[in-house]
Amino acid sequence: MNRAYLDKLFTVVLAGVLAGLALAAAALPAALVFGLGVKNLMPYTALPEALKTPQPAQRSNLYANDGRTLITSFYVEDRVDVPVGEVAPVMRDAIVAAEDVRFYEHHGVDVRGVARAFTANRREGTRQGASTLTMQYVRNALAGDTRLTEEQRAAATEITVGRKIREMRYALTLERRVGKDEILGRYLNIAYFGAGAYGIAAASKRYFSTTPERLTLAQAALLAGLVRSPADDPINGDADAARQRRAYVLDRMVETGRVSAADAEAAKATELALKPNTTPNDCAAVPADHNDWGFFCDWFTQWWNAQPAFGENVDERQRTLRRGGWKIVSSLDPDVQAKASEQVRAIYPETIARAAPTAVVQPGTGRVLAMAVNRTYGTAANPDGQQNYPNTVNQLVAGGGGITGYQAGSTFKLFALLAALESGLPLDTEFDAPRVYVTQYPVGAGPASCGGRWCPANANTYWMDGDRDMWDAFGRSVNTYFAWLTERVGADRVVEMAQRLGIVFRAPVDAKMAREGAKSWGPFTLGVSATTPLDLAGAYAAVAAEGTWCRPTPVTSISDPAGRKVAAGNTDCRQVLDTEVARAAADASRCPVGDQSMYRRCDGGTAEELAPGLRRPVAGKTGSSERNATETVVAFTPQLSVATIAANPDDPRDAVGGGVQKRQIAAVGRILAWSLRDEPVRDFVPPGQAVAFQHTSPRTGN
């Protein structure tokens, strides 16, 4: 039996015995000391996952799409792990001197320390501890393991003889498997340094606005001293006590030969020179000069809470976000966001109750580049009766949380157009559109009721009535043409098409109608259902992407602390339209915005000024709800889709009026121009002759 083995065996046996003696002498009846049992002297041969693959709680960071611009962080403990090699040697020396001067000499349990504690506790009646740095790490790792329940974590820190012996046995086993430097690095990453800073990286930032590798001797000694007494942090606690702890650590470093007496004295004389730096936490903490990012951040949390990959329910998913150490590269483009916010305020300033929520979506990926609204993101008080003005954290752009959306008017004609094309009708399907068209759909009393039947009228008789095809009718937004078209293909197919392209019915009355009365929901074609700018931009983006609908997403990638990307960050795209159907719809959508279709069939549009100012192929649609209560503009190119809705979120009776649409058109055009300024000009692929001019069987080729 060699000497090394005998040394380890002696360490195990003596540690087990003396641990029980030391603790028992301090806290338990003497009789318990001798009742520990022989089995407690045996080392563990297996380590729990918390020690084999540690997962301490770490903050998750949400970045803009450049992967560098921090939007905010999410955490319950402000911690981010760093390799021990990225910690200044002086910091490593300081923590060893402060917590365990024999760290590099023992095997996880310091027999001398245990004996010393036992003798002192017996002689002086004190509670002197004997925990090595490794044992402290074991306790902290078990208590902070994100995979354990709260009860299991609490059990890891309970004051019992059994827990102390368990720590020793784990420490002995851990040191046989993991090197000293690795243990030291783990300890530095898990220790609490006070002022809300967990781990050396957070502490370096919190106190000195620096990184662990740049810490000076004076800074390192101060931080090392705080581990034993975090309540003495010099930011919120007792600066004099922190200086005394710093001096103690420096003296210990001199005793162990890690620094010279002269350097230690110089460090003692150094001012604390604190440069406090706080890490933002949650969406309310986005940078003050980028308050408009808050609405995107809020929608990101909604998105995260809906992802089953991060937990079985919302509470679990939030714990995963706030403890998991994720690096989340979002889809938010700060330049596009800034321009969108600027242009939204050109539609409506922040000083009025009406709002212009706006979304910018990338076709083919569903990535949301911007979400803007003329509101302050926050919970400051509002005037009576104004829940969303001028301050709000409600999701005015994407809906949810009580926000059901707004009527988008004739922009919903796209879904009737697509349903008709998919049924086999060509773009040149003609109908002599009258001023008023009486349909088969039953409705209650109202201006669009003719004997109990829905009978919409054209807004401009001179400009809209007469023989129209899909190009012309879509460009001029002819209500009676699309009422007739809906009858031909079936209102339920129009509703289904909208759902297929991502329109969500958040209002209970709309959801019920879609579920139980879609066949008779003729008015749906004219946009009577509530929607959001985000849903609308996503639906039109599917046409821009030739029939590929992508679920709107706020992320580009999500990586775990080891840098591994997770599938939840991938795009969710699917082909929902036949390519030719989508190309035909895009061709017709060029008419409303002043562009020209591939077959030169556009003849008038409701936003003809948009295309000339953009000077690149563009398509889109405008919409007005009844009495101009809301106004909507959607425009898209092959690379980008933008939707904006003007409404009063707090008072649907406050009709915004048709005049605002001119400002919306101008704003959308400027957003597109700015966002695409460095992008190549891309044209839409023309639809084939068949979908343009021939009746066919249903087009569901993809």
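The following refers to the structure shown. (Residues numbered from 1 in each chain as written. Predicted model: local features only at pLDDT ≥ 70, side-chain atom pairs only at ≥ 80, totals over all residues. Heavy atoms only, no water.)

Structural notes on the packing of helix H4 (residues 89–99) against helix H9 (residues 180–190)
Item 1. Where H4 contacts H9, the axes come no closer than 11 Å and their chain directions differ by 85 degrees. Classed by the angle they form, the pair H4 and H9 counts as roughly perpendicular. From H4, Met91, Arg92, Ile95, Val96 and Glu99 reach across to H9, where they touch Leu184, Tyr187 and Leu188. (Axes fitted to C-alpha atoms, helices over the stretch in contact; angles between N-to-C directions. Helix = DSSP H or I, 4+ residues; strand = E, 2+ residues; numbered from the N terminus. Parallel < 35°, antiparallel > 145°, perpendicular 65-115°, else oblique. Contact = heavy atoms within 4.5 Å.)

Thoughts on the sheet that holds strand S15 (residues 555–559)
Item 1. In space, the four strands of this open sheet follow the order S2-S1-S3-S15, with mixed pairing throughout. With one partner strand each, in any of the chains shown, strand S2 (70–74) and S15 form the two edges of the open sheet. When the angles between neighbouring strand axes are averaged without regard to direction, this sheet yields 15 degrees.
Item 2. Note: strand S1 (residues 60–63) against strand S3 (residues 327–330), three bridges, orientation parallel. (Pairing = 2+ DSSP bridges.)

Some details on the packing of aromatic side chains
Item 1. This structure, assessed with the given rule, holds 28 aromatic pairs.
Item 2. For the pair Phe300 and Trp303, a centre-to-centre distance of 6.3 Å together with 25 degrees between the ring planes defines the contact as stacked. With Phe300 and Trp303 both in helix H14 (residues 293–305) and three residues apart, the pair spans about one turn of that helix. Across this residue pair, the class does not change: Phe300 and Trp303 are buried.
Item 3. A centroid spacing of 5.8 Å and a plane angle of 50 degrees characterise the contact between Trp471 and Phe693, whose relative ring orientation is tilted. Here the residue Trp471 occupies a position in helix H19 (residues 470–476), and Phe693 occupies one in helix H27 (residues 689–693), the gap between them amounting to 222 residues.
Item 4. Note on Trp471: relative accessible area 0%, which makes it buried.
Item 5. Cluster of aromatic residues (ring-pair linked, three or more members): Phe74, Phe300, Trp303, Trp304, Phe310 and Trp326.
Item 6. The cationic tip of Lys180 hangs over the ring face of Phe103; the distance from NZ or CZ to the ring centre is 4.5 Å. (Phe/Tyr/Trp six-rings, centres within 6.5 Å; stacked < 30°, edge-to-face > 60°. Buried < 20%, exposed > 50% of the residue type's maximum accessible area, 1.4 Å probe, protein only. Lys NZ or Arg CZ within 6 Å of the ring centre and 35° of its normal.)

So, the sheet that holds strand S4 (residues 358–361)
Item 1. A sheet is described by the order of its strands in space; here five strands give the open sequence S5-S4-S19-S18-S17, paired in antiparallel fashion. Each edge of the sheet is formed by a strand with only one pairing partner; in this case those strands are strand S5 (368–372) and strand S17 (619–624). On average, each strand axis in the sheet is tilted by 5 degrees relative to the strand beside it, whichever way the strands run.
Item 2. Relative to strand S19 (residues 641–646), strand S18 (residues 631–636) runs antiparallel, the two being bridged by six bridges. What sits directly across from Glu631, in S19, is Ala646.

Things to note about helix H15 (residues 314–323)
Item 1. Those residues of H15 that sit buried are Arg317, Gln318, Leu321, Arg322 and Arg323.
Item 2. The backbone nitrogen of Asp315 lies 3.2 Å from a side-chain oxygen of the residue at the head of H15, namely Asn313.
Item 3. Just downstream of H15 lies Gly325, where phi reads positive at about 65 degrees. (Polar contact = N/O pair within 3.5 Å; in protein donor to acceptor, adjacent residues only side chain to side chain.)

Some remarks on the nonpolar core
Item 1. The biggest cluster of nonpolar side chains holds 104 residues, and the ones touching the most others in it are Phe415 and Tyr481.
Item 2. Here the element with the most residues in this core is helix H23 (residues 533–544); it accounts for nine residues.
Item 3. Once you skip the residues sitting within four places of it in the chain, Tyr481 turns out to touch Thr429, Glu430, Phe431, Ala433, Arg468, Asp469, Met470 and Ala473.
Item 4. The next biggest cluster of nonpolar side chains, apart from the first, holds 59 residues, and it includes Leu47, Ala141, Leu174 and Ala220. (Core = buried A, V, L, I, M, F, W, Y, C linked by side-chain atoms within 4.5 Å.)

Concerning the state of the cysteines
Item 1. All told, the structure shown has four disulfides when counted by the stated rule.
Item 2. One disulfide in the model links Cys283 with Cys297; its S-S distance is 2.0 Å. Note on the Cys283 and Cys297 pair: the S-S dihedral is about -80 degrees, so by sign convention the disulfide is left-handed. Of this pair, Cys283 sits in the loop between helix H13 (261–269) and H14 while Cys297 sits in helix H14, and the two are 14 residues apart along the sequence.
Item 3. Two residues, Cys550 and Cys573, share a disulfide whose sulfurs are 2.1 Å apart. Judged by the torsion about the S-S bond (110 degrees), the Cys550/Cys573 disulfide is right-handed. With a gap of 23 residues between them, Cys550 in strand S14 (residues 548–550) and Cys573 in strand S16 (residues 573–575) connect regions that are remote in the sequence.
Item 4. Disulfide connectivity for the chain, with bonded cysteines indexed by sequence position, reads 1-2, 3-4, 5-6, 7-8. (Disulfide = S-S within 2.5 Å.)

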